[in-house]
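Observations on chain architecture
The chain contents come next:
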Amino acid sequence: MLPAVPASPLSRRGLLRAAAVGAAVAVSAPATHTAAAAGADDAIGALLPKWRALILGSGFDPAAEPFVSRLAALGDTARALRAAMVRRDGSLWPDLPYADPAPDTDPESYTYSGNLHLSYVRLRTLAEAHAQPGTGLTGDGVLRDDILAGLDHLHAQAYHAGQARYGNWYSWQIGAPQALLDIDVLLHEHLGADRVAQHCAAVDHFVPDSAVAQYTGTSTGANRVDLCRVLALRGAVGASAAKLALARDALSPVFPYVTSGDGLYADGSFIQHSHIPYAGSYGSVMLGGLSLLFALLEGSAWEVRDGNRQIVFDSVEKAYAPFLFNGLAMDAVSGRAVSRGAKAADSGVRQDDQLRGQSILAGIALLAQSASTAERDRWYGMVKGWLARQYYSPALTRPGLPVAALARLAEVAGSDAAATAEPVGHRLFPGMDRAVHRGDGWAACLSMASRRISYYENGNGENLRGWHSGSGMLYWWGDDFANGQYSDDFWATVDPHRLPGTTASRKPLADAEGGAWGAARPDVRWVGGSTDGTYASVGQYLKGLSSTLLAKKSWFLLDDTVVCLGAGIHARDGHGVESVVENRNLGAGGVHAFTVDGRTQPGTLGWSASLGGARWAHLAGHAGYVFPGGAPVSLKALRQARTGAWSDINRGASSDPVTRRYLSLWFDHGPDPTWDTYSYLLMPGASAARTAARSADPDWLTVLANTGDQQGVRVPSRGFTGVNFWNPGSVGDLTVGTPASVTVREEPRTATVCVSGPLRDGAAVDLTWDRPVSAVVSLDPAVQVVSTGAALTLRVSPGTRGAVHTAVVRVA
């Protein structure tokens, strides 16, 4: 264990005085407390130093790296903010005016309310610099007085009881009060009775008890946890047992699994804003908030004892770990947060998949303190492994994480836990139209859309061109390469019509096309797949955003390959349609060699070619690509540099231009294609020699079907057969009477048959496998064996959740 941070300067006398003051504000308490009341005050007062330790961190040596430089940087930031602070009517910082001349809820008002929130966040930064050791401002009396003056200014002008809110509700109910209450804890003994009373009254005005009376609207999932954090801190600062009890009890609706709307699903999905997969952003907030509240209240009269909180602990391995790879959080579950790459102007911190992942790791490390010993040991091993493998932007050396989070990760890194390796296998998430696959040395994630899940989310001027990210985008990373693929200014520079894996129309779309907050969803049901946990068959019936585009897309995910099929590609918009094999970010100066059928292509920017007849291609340092039977003339390639700015996709982001180089590979279906197709193999991390060998082996893959009715493949060397039945019919040895996804894995003496009903209409799936089967080894309750012998016939009752059901049989 590292040497501890110096003890909190908050004295017991200060705690008791604050508790007494807060009690007078919050409730009508008698002037003379009974012994029981005094005990309650002591119990509440004990929460203040506990929260202080949680938000500042503990157990670290401020004179040792990485903390010494991080604390010095905090001091530099605070000095700059302090120097720029000017108390004027309508602002505390000149660049953050919060006085709205026409208060309402339009985008301009959102800016003003956001500026108020950011003003409190800046004051919180000053307060942390005052409280943390090693900042050069620790305990600085002049700084403290400036913070108090800033608090008084904001209270008098904007954040007080009786003020009507404008702009974004979040700024008033979560953003500003969270920062304010953190400051109140950090400077509690310097506030005085009047300020405590004023701040408590302001929070009560904007976050009344009714904010958590119903589990609906903006009071669900991560938002509910944030509101409970406000209520709990209001209770601690104002010595209100009732507020603490309310905060604890209002968490309970967050815990149970949901079957629609916001929250955690039994399959590991996490949804926020009703239709957006969000484990990497809102889910991270929820995990972090719950870990803080569990830790704060543990051992007190307000400890969270709801038995359903175990679902939160289970979510670490069910909902979060699957979307973490080498410590990064996959963008497919981060919603509009992917557009914030250069937004954090105050801190200079780049928000990306690396930082989002590190925040989740820190949340897991803190949650481990409230978990069982077995869970703690497993999670420490997982976090330690992720930290060790995060070579692209290591958490312990990269700026960005708050000191408290850094301290939690440093503790795990220095523990005696055995680092856990990345797993292999497949996870389907029917509740949010996502799939994660892990092969040997690589990982991939599929992003799809349906009636249930939006194409993409924009809102607050963010993620304005994420139009096609739900149209079958195939993300992938290597174990020791390309972990910065989406971190390195990808979203600011990539062609938004040419996202890897997608089929999309080149039809021009407006910024925020389809509506805000995930309003745009395709009218399709067949999205999902089947898996035995190792290999998988995944499919998407695609309808284009604001276009007539139709397509059937399938992915068959194996140990070293993704087999990609497309069929029924059809449109009548008068614009070209493309299916993107790859659009790889090569960085600012990448010159990675691109080879086609053994011939190295020109490396000059602007090079392009038609690759009709090509059997394979290879991008050095990334992957191999195989085109069964030879590529059609529609296969195109382009090497280019693309320049963009984060402000192009996020109105609050930097307008500084950035340039990245790309190697793009796509099938050009032309304008208004009629039932076109494609097929290719993606081999992450493969060498050119291995790619060429795969192309030269005609027996490795058999494409059984690639039509608008069925798509399926057989890979004999893997014992794999996968078929997505868009309509009933027969493919190879498999016949179904209802749309279904089927995966069969054959071993020398057994086979595993996996079936799902992606339509989710509850209709039974009757499946016949035309193979001799001598016995049934095991099956899950939804599977009924109709017959064995010369063929296997099963009746599967798939339900309405897209779940996969299996039977293990003995083959003759």
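Residues numbered from 1 in each chain as written. Predicted model: local features only at pLDDT ≥ 70, side-chain atom pairs only at ≥ 80, totals over all residues. Heavy atoms only, no water.

Bringing unusual backbone geometry into the picture now. The linkage connecting Glu65 with the following residue, Pro66, adopts the cis geometry, with an omega of 5°. Note that Pro66 resides in the loop between α3 (47-56) and α4 (67-84). At Ala239, a residue that is not glycine, the phi angle is positive and equals roughly 55°. By the secondary structure assignment, Ala239 is in the loop between α10 (221-237) and α11 (241-250). When its relative accessible area of 5% is taken as the criterion, Ala239 is described as buried. Look at Asp672: it is not a glycine, yet its phi comes out positive at around 50°. (Helix = DSSP H or I, 4+ residues; strand = E, 2+ residues; numbered from the N terminus. Buried < 20%, exposed > 50% of the residue type's maximum accessible area, 1.4 Å probe, protein only.)

A word on the packing of helix α13 (residues 310-320) against helix α15 (residues 373-389). A pair of packed helices can be characterised by two numbers: the angle between their axes and the separation between those axes. Closest axis-to-axis distance for the α13/α15 pair is 11 Å, and the angle between their directions is 30°. The angle between α13 and α15 falls in the class roughly parallel. By crossing handedness, the relation of α13 to α15 is classed as left-handed. Each of Gln310, Phe313, Asp314, Val316 and Glu317 in α13 lies in contact with α15, whose residues at this interface are Glu375, Arg378, Trp379 and Met382. Of the residues contributing to the contact of α13 with α15, the split by class is 4 nonpolar, 1 polar and 4 charged. (Axes fitted to C-alpha atoms, helices over the stretch in contact; angles between N-to-C directions. Parallel < 35°, antiparallel > 145°, perpendicular 65-115°, else oblique. Left-handed = near helix turned anticlockwise from the far one by under 90°. Contact = heavy atoms within 4.5 Å. Nonpolar A, V, L, I, M, F, W, Y, C, P; charged D, E, K, R; others polar.)

Our focus in this paragraph is the packing of aromatic side chains. The tally for this structure, following the rule as stated, stands at 28 aromatic pairs. Relative to Tyr159, the ring of Tyr120 lies with its centre 5.7 Å away and its plane at 75°, an arrangement referred to as edge-to-face. Highlighted residues: Tyr120 in helix α5 (residues 107-131) and Tyr159 in the loop between α6 (141-157) and α7 (169-186), separated in sequence by 39 residues. The class of Tyr120 is buried, set by a relative accessible area of 1%. Ring pairs connect the aromatic residues Phe325, Tyr475, Trp477, Tyr486, Phe490, Trp491 and Tyr662, which therefore count as one cluster. Of note, Arg122 hangs over the ring of Trp93, and the distance from its end group to the ring centre comes to 5.4 Å. Sitting over the ring of Trp476, Arg584 keeps its end group 3.6 Å from the ring centre. (Phe/Tyr/Trp six-rings, centres within 6.5 Å; stacked < 30°, edge-to-face > 60°. Lys NZ or Arg CZ within 6 Å of the ring centre and 35° of its normal.)

Within this structure, the stated rule accounts for 0 disulfides. The thiol sulfur of Cys200 is not disulfide-bonded, and the nearest other cysteine sulfur, from Cys228, lies at 17 Å. For Cys200, a relative accessible area of 1% corresponds to the buried category. The cysteine Cys445 is free of any disulfide, with Cys564 supplying the nearest cysteine sulfur at 14 Å. (Disulfide = S-S within 2.5 Å.)

The next point concerns the sheet that holds strand β25 (residues 710-715). Across the sheet, 7 strands lie side by side as β24-β25-β26-β29-β30-β35-β32; this open sheet has antiparallel pairing. Since the sheet does not close on itself, it has two edges, and those belong to β24 (702-706) and β32 (773-779), each with one partner. For this sheet, the mean inter-axis angle between neighbouring strands, taken without regard to orientation, is 15°. (Pairing = 2+ DSSP bridges.)

For the rest of this paragraph, the subject is the environment of Leu704. Looking at the secondary structure, you find Leu704 in strand β24. A residue is classified by how much of its surface remains accessible, and Leu704, at 25% relative accessible area, is partly exposed. When the C-alpha positions of Leu704 and Thr721 are compared, they lie 9.2 Å apart, and in sequence the two are 17 residues distant. The residues contacting Leu704, other than those within four sequence positions of it, are Gly712, Val713, Arg714, Thr721 and Val731.

Counting 147 residues, the largest nonpolar core has Tyr159 and Trp491 as the members making the most contacts within it. Beyond its immediate chain neighbours, meaning those up to four positions away, Trp491 contacts Asp331, Val338, Ser469, Met473, Tyr475, Tyr486, Leu499, Trp646 and Ile649. Of all hydrophobic cores here, the second largest spans 45 residues; its members include Trp476, Ala482, Val596 and Ala617. (Core = buried A, V, L, I, M, F, W, Y, C linked by side-chain atoms within 4.5 Å.)

Here we take up the sheet that holds strand β7 (residues 434-439). Spatial strand order, β6-β7-β8-β9: 4 strands in an open sheet with antiparallel pairing. Both outer strands of the open sheet, β6 (425-429) and β9 (473-478), are each paired with one neighbouring strand and no more. Ignoring strand direction, the axes of neighbouring strands in this sheet form an average angle of 10°.

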